[in-house]
Amino acid sequence: MSMSVGNADGDEDVVMSEINTTPLVDIMLVLLIIFLITSPVVLKLQKVALPSETNQALKTKPTNVNIVVNKDGDMYLGQKRLADTTELFEFLKQEAVKLPQPEVHVRGDQETRYEYVGKVIYTAQRAGIQKVGFITEPPDKTGGR
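Residues numbered from 1 in each chain as written. Predicted model: local features only at pLDDT ≥ 70, side-chain atom pairs only at ≥ 80, totals over all residues. Heavy atoms only, no water.

Undergrad: I'd like a description of helix H2 (residues 85-96), backed by residues and values.
TA: In this model H2 runs 16 Å from its N-terminal to its C-terminal C-alpha over twelve residues, within 8% of the 16 Å that 1.5 Å per residue would give. For H2, every residue scored as buried is listed here: Leu88, Phe89, Leu92, Glu95 and Ala96. One side of H2 holds all its buried residues, which, seen down the axis, span an arc of 125°. Along its buried surface, H2 packs onto strand S1 (65-69), strand S2 (75-77), strand S3 (80-82), strand S4 (104-108) and helix H3 (114-127). (Helix = DSSP H or I, 4+ residues; strand = E, 2+ residues; numbered from the N terminus. Expected span 1.5 Å × (residues − 1). Buried < 20%, exposed > 50% of the residue type's maximum accessible area, 1.4 Å probe, protein only. Arc of directions from axis to C-beta. Contact = heavy atoms within 4.5 Å.)

Undergrad: A description of the nonpolar core should follow, citing residues and the corresponding values.
TA: If you look at the biggest cluster of nonpolar residues, it comprises 17 residues, and the most contacted ones within it are Ile67, Leu88, Leu92, Val104 and Val120. Elements that contribute at least two residues to this core include exactly S1, S2, H2, S4 and H3. Once residues within four sequence positions are removed from consideration, leucine 88 is found in contact with Ile67, Met75, Leu82, Val120 and Thr123. (Core = buried A, V, L, I, M, F, W, Y, C linked by side-chain atoms within 4.5 Å.)

Undergrad: Give a detailed account of the packing of aromatic side chains, specifying residues and quantitative values.
TA: Evaluation of the coordinates by the stated rule reveals zero aromatic pairs. It is arginine 113 that lies over the ring of tyrosine 116; its NZ or CZ is 5.8 Å from the centre. Seen from the ring of phenylalanine 89, arginine 126 lies directly overhead, with NZ or CZ sitting 4.4 Å from the centre. (Phe/Tyr/Trp six-rings, centres within 6.5 Å; stacked < 30°, edge-to-face > 60°. Lys NZ or Arg CZ within 6 Å of the ring centre and 35° of its normal.)

Undergrad: Explain unusual backbone geometry to me, using residue names and the numbers behind them.
TA: In this chain, leucine 99 is followed by proline 100 through a cis amide linkage whose omega measures -10°. Along the chain, proline 100 turns up in the loop between H2 and S4.

Undergrad: Tell me what's going on with the sheet that holds strand S5 (residues 132-134), and back it up with residues and numbers.
TA: Remark on secondary structure: sheet strands pair via backbone hydrogen bonds, oriented parallel or antiparallel. The five strands are arranged S3-S2-S1-S4-S5 in an open sheet whose pairing can be described as mixed. Every other strand in the sheet has two partners, leaving S3 and S5 as the edge strands with one partner each. The mean inter-strand angle of the sheet, taken between neighbouring strand axes irrespective of direction, is 30°. As paired strands, S1 and S4 are joined by five bridges and run parallel to one another. Each bridged residue has a counterpart across the sheet, and for asparagine 66 the counterpart in S4 is histidine 105. Taken strand by strand, H2 contacts S1, S2, S3 and S4, and its axis lies near 165° from that of S1. Seen against the sheet, H3 touches S1, S2, S4 and S5 and runs at an angle of roughly 155° to S5. (Pairing = 2+ DSSP bridges. Axes fitted to C-alpha atoms, helices over the stretch in contact; angles between N-to-C directions.)

Undergrad: Outline the pairing of S1, supporting the account with residue identities and numerical values.
TA: Of the two faces of S1, only one is covered, namely that formed by Val65, Ile67 and Val69; the face formed by Asn66 and Val68 stays uncovered. Bridge count for S1 against S2 is three bridges, and the pairing is antiparallel. Bridging across to S2, valine 69 finds its partner in methionine 75.

Right, here's the structure in full:
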């Protein structure tokens, strides 16, 4: 009597190289059903009154600094006459550290020398002001000056 190992046909066993995903899908389906059933039970929490939300813009726009230079070179901050550029520098230095930083608007008389307006701009630059603008009159629409 002899014992034979292998198929009755005499063929060798073929190695199966496929992955059977059916058990994995079955386990995932069972877990999904368990989570769907238990999640409402777990989420039953104590009732609390939550605060309501209000959305308000907190960004404030700074007031612009208006500097007037007349034809004689006198500088005015609003209605206050400034003695010299040192006084202007001290004021602008305080304004330069504000967040957001205010803009400086220069209103120069038509007859003002560039030197006086240049001093104001240079003082604003030294104080650390980022935005300096000039205020002008719009042109006359009738064609005259």
